[in-house]
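Here are the chains, one letter per residue:
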Amino acid sequence: MAASGRELQARVGGTGSSLLAASTLIAALSFTPWVIGAETPWAQFAFRAIGLTALGVVSLGKMRGALVPGRWATRAMLGCILVVAMSGLSAATSVNRGKSLEAMLNLLAIAGLFLTAVVALRGKKFIRGVALLEILAAVPVAAVGIAQHFRPDLVPAGNSYPGRALGPFGQPNRLGGYLIALIPLALALSFAVQDRMLRLGLLLAVFAFTLCLVATYSRGAWIGLAVGVLALTAVLTPWPELMPRPIWIGAALVALVAPAIFFLPSILSRIAPKPSTTPAWNLPIDPEREGSGAMRRAVWSGSFAAFAARPALGWGIGAFREAYDRSKSDRLKRLEAVGGRTADQAHNFYLETLVERGVLGLAAFLAFVALCAAAGFAALREGAREHRVLAAGLVASVAALLGHAALEDNLSLVPHGTLLFANLGLLVAIAPGPKDASTHRARWAGAAGVLVAVFGVGVSGLSAVAATVSQEGATAMAAGRLDEATTRFAAATRLAPWEGRYAAARAKAAEVSARTGRGGAALREAESSYLRAIALNGSDPVTRHELARLYLAHSSEFGSAGTVSALRELRAALAQNPHYAEIRNDLGVALLAQGDRVGAIAEFRGATGGRPEFVDPLLNLATLAREDGSLVEAKQLVALALERNPGSARAVRMRGSFEDRSSK
């Protein structure tokens, strides 16, 4: 009796603090699928505040010596700290400081929720209650996806996934990646509970989740579900006493298979490989024309190249796109320049982690998962039947997420990452074993955790305010209130000085304002803001191009030094991606301003292979040909420009000038 009483004692310094920590986990699991996808600043802040509050409460308990975790919990907590530490090292050397800091705030919040699941949940019934809450929170998510399938008018207009359920995530692969974590867990809970009505309700949830999953037509998510179900079967099979009666196994199979039978023709159509017919993806250089598999292979190739360039700590957590854009193949660089398409993810969480956090970061993550899995298998070997079956469901849920991670980056997203870390935490919390005594060193670690939590909440608040102020600036700029827009963007830059996008927006607003009469002061403000944006994110050739255009458009203000600076930025931009015709054309303009006519002609000719509608290089060559007295060549170039872009006003004017000259 005494041992049982100790298990139910508060582990985080009292019932109130324990309930507060547990409430943060419940809140995060309930609302993240709905608001994170909206990318609203205050939704992001709310999640971070919840997770960092959990981190602070648990750390405070550790600092006060009130936290007495089990042996498995101690090991898992050390593994979690290792993941955070390695990610922090990658962020310190990131090529995009803003993205890395934002990603670190999310990781710290998720880590706080993991620690809550590990040490703040009191008693195994409470642990089962949190697992059941995950199922209940997913029911409305699946309902939205099912409604979208049968009512296509509910799908947002202009989306790129016609006929596929999106749910609140706005993307089918993300919806599918979320559901596959819940289906094995719901199956296990249906096997564990004794109440028939609750069991039937859980099986109905399995049917609804599977129906919605099929309607996403996400092949990667289907594979992830198969991994999860196979893992559940493999874990339960060695212990016949954990298996339910055959009638319930049959009911579970019906819940899993019936949706697939219902959608079988469309499933077969989705499985069959076929080229993409999307009009926006019809460039001959686009691998997507050969099917999504060809694009994945192309992205994987560029990702491996990025990893090879920085194998130890990577390019910075959250900075995959910047790393990929520097390292991808020449064909995909051209696709970005001509078609405006690039990749924001590696379509493989492990590869993306290698790119962002290097070998050390991936090793830390895998070691952390292995520690939690070991705790789960320990829970499978002893204890009450319902707790062992719950452990099997949690193991299967984690297996589904990790299997899907080989095909998508969904574990980098807040809802999916929260589910993974929460279920790993529940596995550790349910594991048996003796308690570890609190130590002096642990109290210092608790104090550090409290400081990190307080700092994180403060920075998250600044980030949310800055994003809101920046949105106000964008609204003001669209309405033509340039002074207000510049002021707003300047305020956002001061609030979140790590974000290059605010500095770039401030530069653009100041540049536009200069054209309306503010003059030199606005131009200098634009220049300094562009330079700051480049310092924060040196991987973006477009920002360098904008700065160079500022120098070239206002040569009277910046003088010959501005032209030299423009040449430097244009060459640096082309070194990152040599296929931007607009950048190469402006390089020709800068060379011409310095008197290098031969170099300018070479750059103009090199720029003619860009987007068909971009005809400025042809017209610049025509102008030079006319100056050299080659009227026939000039007319041919203008005719070619009009053939490629009949709506070019400049080409029409030049043709008119040739006609007027001929009539004279």
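Bear in mind the structure is a predicted one, so any value in this text is a computation, not a measurement.

Things to note about the overall build of the chain
A count of helices and strands for the chain gives 28 helices and zero strands. Whereas a compact globule of 664 residues would reach a radius of gyration of roughly 26 Å, the chain reaches 29 Å, a difference of no more than 12%. Referenced to the eigenvectors of the C-alpha coordinate spread, the extents of the chain come out at roughly 110 × 60 × 45 Å. When the 664 residues of the chain are sorted by exposure, 54% land in the buried category. Residue pairs in contact within the chain that sit at least 24 positions apart in sequence constitute 72% of those at least 6 positions apart. Summing over all exposed atoms, the chain offers an accessible surface of approximately 27700 Å²; the carbon and sulfur share of this is 62%. The centroid of the 66 positive side-chain charges in the chain is displaced by 8 Å from the centroid of its 45 negative side-chain charges.

Focus on the pattern of salt bridges
Applying the stated criterion across every chain yields a total of 25 salt bridges. Note that E527 and R524 form a salt bridge whose closest N and O atoms lie 3.2 Å from each other. Taken as a pair, E527 and R524 lie in helix 21 (residues 520–536) at a separation of three residues, close to a single helical turn. Residue E527 is classed as buried on the basis of its relative accessible area, which comes to 15%.

Description of the packing of helix 6 (residues 124–150) against helix 7 (residues 172–192)
At their nearest, the axes of helix 6 and helix 7 sit 9 Å apart, and the two run at 135° to each other. Classified by the interaxial angle, the pair formed by helix 6 and helix 7 is oblique. The way helix 6 lies across helix 7 gives a crossing that is left-handed. Residues R128, A131, L132, E134, I135, A137, A138, V141, A142 and G145 of helix 6 touch helix 7, and the partners they reach there are L175, Y178, L179, L182, L185, A186 and L189. Here the residues of the contact of helix 6 with helix 7 are counted per class, giving 14 nonpolar, one polar and two charged.

Focus: the packing of aromatic side chains
Evaluated as defined, the whole model comprises ten aromatic pairs. Geometrically, the ring pair formed by Y551 and F558 is edge-to-face, given 5.0 Å between the ring centres and 90° between the ring planes. Residue F558 is classed as buried on the basis of its relative accessible area, which comes to 8%. Taken together through their ring pairs, the aromatic side chains of F114, F368 and F421 make up a single cluster. In this structure, R75 packs its charged tip against the face of W72, placed 4.7 Å from the ring centre. Above the plane of the ring of W315 lies R310, whose end atom (NZ or CZ) is 4.6 Å from the centre.

Focus: the nonpolar core
The biggest cluster of nonpolar side chains holds 121 residues, and the ones touching the most others in it are F114, I135, F209, F368 and L420. Take this core: its biggest share by element is 14 residues, from helix 7. Not counting chain neighbours up to four residues away, the residues in contact with F368 comprise A76, G79, C80, V83, F114, F421 and L424.

Describing the packing of helix 7 against helix 8 (residues 196–216)
Running from amino to carboxyl end, helix 7 crosses helix 8 at an angle of 160°, the nearest separation of the two axes being 9 Å. What the angle tells us is that helix 7 and helix 8 run roughly antiparallel. The crossing of helix 7 and helix 8 is left-handed. Touching P172, L175, G176, L179, I180, L182, I183, A186, L187, L189, S190 and F191 of helix 7 are R199, L202, L203, V206, F209, T210, C212, L213 and T216, all from helix 8.

Comments concerning the environment of E643
As for its position among the elements, E643 is in helix 27 (residues 631–644). Separated by 28 residues in the primary sequence, E643 and V615 place their C-alpha atoms 9.8 Å from one another.

Topic: a nonpolar patch on the surface
There is a patch of nonpolar side chains on the surface, built from L253, V257 and I261 and spanning about 280 Å² of accessible area. Inspection of the secondary structure puts V257 in helix 10 (residues 246–262).

Observations concerning unusual backbone geometry
Peptide bonds are trans in most cases, and residues, glycine excluded, mostly fall at negative phi. Phi is positive for Y217, which is not a glycine, with a value near 55°. Within the secondary structure, Y217 is located in the loop between helix 8 and helix 9 (219–236). Look at H347: it is not a glycine, yet its phi comes out positive at around 55°. Tracing the chain through its elements places H347 in the loop between helix 14 (330–339) and helix 15 (349–381).

About the criteria used
- Residues numbered from 1 in each chain as written.
- Predicted model: local features only at pLDDT ≥ 70, side-chain atom pairs only at ≥ 80, totals over all residues.
- Heavy atoms only, no water.
- Helix = DSSP H or I, 4+ residues; strand = E, 2+ residues; numbered from the N terminus.
- Rg over C-alpha atoms; globule rule 2.2 N^0.38 Å.
- Buried < 20%, exposed > 50% of the residue type's maximum accessible area, 1.4 Å probe, protein only.
- Contact = heavy atoms within 4.5 Å.
- Areas by Shrake-Rupley, 256 points an atom, 1.4 Å probe, with all protein chains shown as cover.
- Lys, Arg positive; Asp, Glu negative; His and termini not counted.
- Charge placed at Lys NZ, Arg CZ, Asp CG, Glu CD.
- Salt bridge = Lys/Arg side-chain N within 4 Å of Asp/Glu carboxyl O.
- Axes fitted to C-alpha atoms, helices over the stretch in contact; angles between N-to-C directions.
- Parallel < 35°, antiparallel > 145°, perpendicular 65-115°, else oblique.
- Left-handed = near helix turned anticlockwise from the far one by under 90°.
- Nonpolar A, V, L, I, M, F, W, Y, C, P; charged D, E, K, R; others polar.
- Phe/Tyr/Trp six-rings, centres within 6.5 Å; stacked < 30°, edge-to-face > 60°.
- Lys NZ or Arg CZ within 6 Å of the ring centre and 35° of its normal.
- Core = buried A, V, L, I, M, F, W, Y, C linked by side-chain atoms within 4.5 Å.
- Patch = residues over 30% accessible without salt bridge, like charges linked within 9 Å, V, L, I, M, F, W, Y side chains within 5 Å.

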